[in-house]
Amino acid sequence: EPEVTQTPSHQVTQMGQEVILRCVPISNHLYFYWYRQILGQKVEFLVSFYNNEISEKSEIFDDQFSVERPDGSNFTLKIRSTKLEDSAMYFCASSPIWDTQYFGPGTRLTVL
Amino acid sequence: QQQVKQSPQSLIVQKGGIPIINCAYENTAFDYFPWYQQFPGKGPALLIAIRPDVSEKKEGRFTISFNKSAKQFSLHIMDSQPGDSATYFCAASRVGTYKYIFGTGTRLKVLA
């Protein structure tokens, strides 16, 4: 069964550094998403991406964040200057149409 | 208006019991309600989803009950097993948007 994959599984970085989280969505899906989950809390929407542009973004997704689909398979989330409060699990998801979203295993980001 | 309230926060049942997890929403524009199961260190996995034109949907041991007038929906797990021990999230979404609003999660423990 096709799955969303994410790399790395764990990323440790220093505050102020840039990080890029990578995702490979399910191949025939058209919609792509990033969510985050701070330890022990609920999953929060960050951004959705369709047809090579951002469809919707939350207030969390400020100018420090950007997304890109650099080729036909990868979908990336970049955080330009990480803060301590960016420490969280970041989940990529994809969907064939707007409704049913399939989540990847996540990347744990630790900002020191 | 954008919140989804989930209860209880945690739940312990004996094997074979029927845990019930409840969610409530305010925004009547929501029209898609998925449930996700999450094991520690893993991404959320879609369990079952419902739209408001039906009052109940069953898939295997998992049943969603939906009460449109009360703006509530519930997940029932029949004949629960220790392997069902996980965190369960409800979510809501609506046509024309590209994000899920997640509930706060319920940590379920099924005792052997």
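This is a predicted model, so every value here is computed, not measured. (Residues numbered from 1 in each chain as written. Chains lettered and ligands numbered in written order. Predicted model: local features only at pLDDT ≥ 70, side-chain atom pairs only at ≥ 80, totals over all residues. Heavy atoms only, no water.)

Peer 1: Looking at this structure, I do not really get the overall build of chain B. What am I missing?
Peer 2: When its secondary structure is counted, chain B shows zero helices and eleven strands. Listing every helix and strand of chain B by position from the N terminus yields β-β-β-β-β-β-β-β-β-β-β. The C-alpha atoms of chain B give 13 Å as radius of gyration, which agrees with the globular expectation for 112 residues (13 Å, within 12%). Projected onto its principal axes, the C-alpha coordinates of chain B cover approximately 45 × 30 × 20 Å. Sorting the 112 residues of chain B into buried and exposed places 47% on the buried side. (Helix = DSSP H or I, 4+ residues; strand = E, 2+ residues; numbered from the N terminus. Rg over C-alpha atoms; globule rule 2.2 N^0.38 Å. Buried < 20%, exposed > 50% of the residue type's maximum accessible area, 1.4 Å probe, protein only.)

Peer 1: Would you mind showing me how to read the pairing of strand β3 (residues 20-25) of chain B here?
Peer 2: Each regular strand shows side chains that alternate between the opposite faces of the sheet. Residue and element names in this part refer to chain B. Going residue by residue along β3, you find Ile21, Cys23 and Tyr25 tucked away on one face and Ile20, Asn22 and Ala24 left uncovered on the opposite face. In this structure, strand β1 (residues 4-7) lies alongside β3, joined through four bridges in antiparallel fashion. Following the sheet pairing, Lys5 is matched in β3 by Ala24. Both β3 and strand β8 (residues 72-77) contribute to a ladder of five bridges, which runs antiparallel. Within the sheet, the bridge partner assigned to Cys23 lies in β8 and is Phe73. (Pairing = 2+ DSSP bridges.)

Peer 1: What am I meant to see in the interface of chain B and chain A here?
Peer 2: Accessible area lost upon the coming together of the parts is a frequently used measure of interface size. Taken together, the contact pairs 21 residues of chain B with 19 residues of chain A. Summed over both sides, the interface of chain B with chain A buries roughly 1,800 Å², with 60% coming from carbon and sulfur. When the buried area of chain B at its contact with chain A is split by residue, Tyr98(B), Tyr100(B) and Phe102(B) rank highest and sum to 37% of it. At the junction of chain B with chain A, the criterion picks out one salt bridge. Taking the shortest distance from any N to any O, the salt bridge between Lys99(B) and Glu56(A) comes out at 3.5 Å. (Contact = heavy atoms within 4.5 Å. Buried area = accessible area lost by both parts, 1.4 Å probe. Salt bridge = Lys/Arg side-chain N within 4 Å of Asp/Glu carboxyl O.)

Peer 1: Even after reading the chapter, I still don't get the pattern of salt bridges, so can you show me in this structure?
Peer 2: Two side chains of opposite charge can pair, provided their charged atoms sit close to one another. All names here are of chain B. Across all of its chains, the model carries five salt bridges over all chains by this definition. Across the pair Lys57 and Glu59 runs a salt bridge, and its minimum N-O distance is 3.7 Å. Among the salt bridges present, the one from Arg61 reaches Asp84, with a minimum N-O distance of 2.8 Å. Within this pair, whereas Arg61 is found in the loop between β6 (56-59) and β7 (62-67), its partner Asp84 is found in the loop between β8 and β9 (86-92), the two being separated by 23 residues in sequence. Relative accessible area serves as the criterion here: at 5%, Asp84 is assigned to the buried category.

Peer 1: Explain the packing of aromatic side chains here, please?
Peer 2: Aromatic ring pairs: the centre-centre distance and the angle between the two ring planes describe each pair. Enumeration over the complete set of coordinates arrives at 25 aromatic pairs over all chains. The interplanar angle of 50 degrees and the centroid separation of 5.2 Å between the aromatic rings of Tyr35(A) and Phe103(A) together place this pair among those described as tilted. Of the two residues, Tyr35(A) sits in strand β4 (residues 31-37) while Phe103(A) sits in strand β10 (residues 102-103), which places them 68 residues apart along the sequence. This pair shows no difference in class: Tyr35(A) is buried, exactly as Phe103(A) is. For the ring pair Phe33(B) and Phe66(B), a centre distance of 4.9 Å and an interplane angle of 45 degrees mean the geometry is tilted. (Phe/Tyr/Trp six-rings, centres within 6.5 Å; stacked < 30°, edge-to-face > 60°.)

Peer 1: Even after reading the chapter, I still don't get the sheet that holds β1(B), so can you show me in this structure?
Peer 2: Adjacent strands of a sheet pair through backbone hydrogen bonds, lying either parallel or antiparallel. Residue and element names in this part refer to chain B. In spatial order, the strands read β1-β3-β8-β7-β6; together these five strands make up an open sheet with antiparallel pairing. Single-partner strands in this sheet number two, and they are β1 and β6. With strand direction ignored, the average angle separating the axes of adjacent strands in the sheet is 15 degrees. Both β7 and β8 contribute to a ladder of six bridges, which runs antiparallel. Bridge pairing links Thr63 to His76 in β8. (Axes fitted to C-alpha atoms, helices over the stretch in contact; angles between N-to-C directions.)

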